Amino acid sequence: MFSVGSATRIYVAAGSTDMRKGFEGLFGLVRDRLDCDPLSGHVFLFANAQRNRLKLVFWDGSGLWICAKRLEKGRFRWPAIRTGETKLTLTHEELALLLGGIDLTSTRRRAWYRTGAAGTQKASDIS
């Protein structure tokens, strides 16, 4: 099993992807279309045009993982990506929501507080 650490970035590919692609095809898309290193250890997410199937690509240091999910009903609510951009970065929490079928556009971040060595700080004050 693989784990996604806090330093791992999660990239969502713009547009649709042919879900018949396997290891080499998705490896090439990460390298050529997203302009990223497929062996970086980051997570890359692709979806078909109907948004009812997705594939996740991840290098764990010894091999390439491809995980797939097909929804029996409904569609994944893919985040909006600006025209001309090839990818979007998600947080770990946003990935969990997306995979759980939650529409990211209808959610919002709440103000929260973190206690640290400097005392209590508002999350928006921490840069």
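Use the structure listed above.
Residues numbered from 1 in each chain as written. Predicted model: local features only at pLDDT ≥ 70, side-chain atom pairs only at ≥ 80, totals over all residues. Heavy atoms only, no water.

1. Quick word on the pattern of salt bridges
Evaluation of the coordinates by the stated rule reveals 4 salt bridges. Note that Arg20 and Asp18 form a salt bridge whose closest N and O atoms lie 3.0 Å from each other. Classification of Arg20 as exposed rests on a relative accessible area of 75%. The exposure class of Asp18 is partly exposed, given its relative accessible area of 32%. A salt bridge links Arg82 to Glu85, with the shortest nitrogen-to-oxygen separation between them at 3.3 Å. (Salt bridge = Lys/Arg side-chain N within 4 Å of Asp/Glu carboxyl O. Buried < 20%, exposed > 50% of the residue type's maximum accessible area, 1.4 Å probe, protein only.)

2. Let's talk about the environment of Ala49
Tracing the sequence through the fold places Ala49 in the loop between β2 (43-47) and β3 (53-59). Each C-alpha atom of the pair Ala49 and Thr17 lies 7.0 Å from the other, and the pair is 32 residues apart in sequence. (Helix = DSSP H or I, 4+ residues; strand = E, 2+ residues; numbered from the N terminus.)

3. Here's the deal with the sheet that holds β2
The mixed open sheet is built from 5 strands, whose spatial order is β4-β3-β2-β1-β5. Across the chains shown, the open sheet's two edge strands, defined by having one partner strand only, are β4 (64-70) and β5 (87-90). Averaged over all pairs of adjacent strands, the angle between strand axes in this sheet comes to 25 degrees, irrespective of strand direction. Pairing between strand β1 (residues 10-13) and β2: 3 bridges, direction parallel. Within the sheet, the bridge partner assigned to Tyr11 lies in β2 and is Phe44. Of the strands in this sheet, β1, β2, β3 and β4 are in contact with helix α1 (residues 23-33), which crosses β2 at around 105 degrees. Docked against the sheet, helix α2 (residues 92-99) engages β1, β2, β3, β4 and β5, running at close to 105 degrees with respect to β5. (Pairing = 2+ DSSP bridges. Axes fitted to C-alpha atoms, helices over the stretch in contact; angles between N-to-C directions. Contact = heavy atoms within 4.5 Å.)

Limitation: the analysis is restricted to geometry and does not speak to function.
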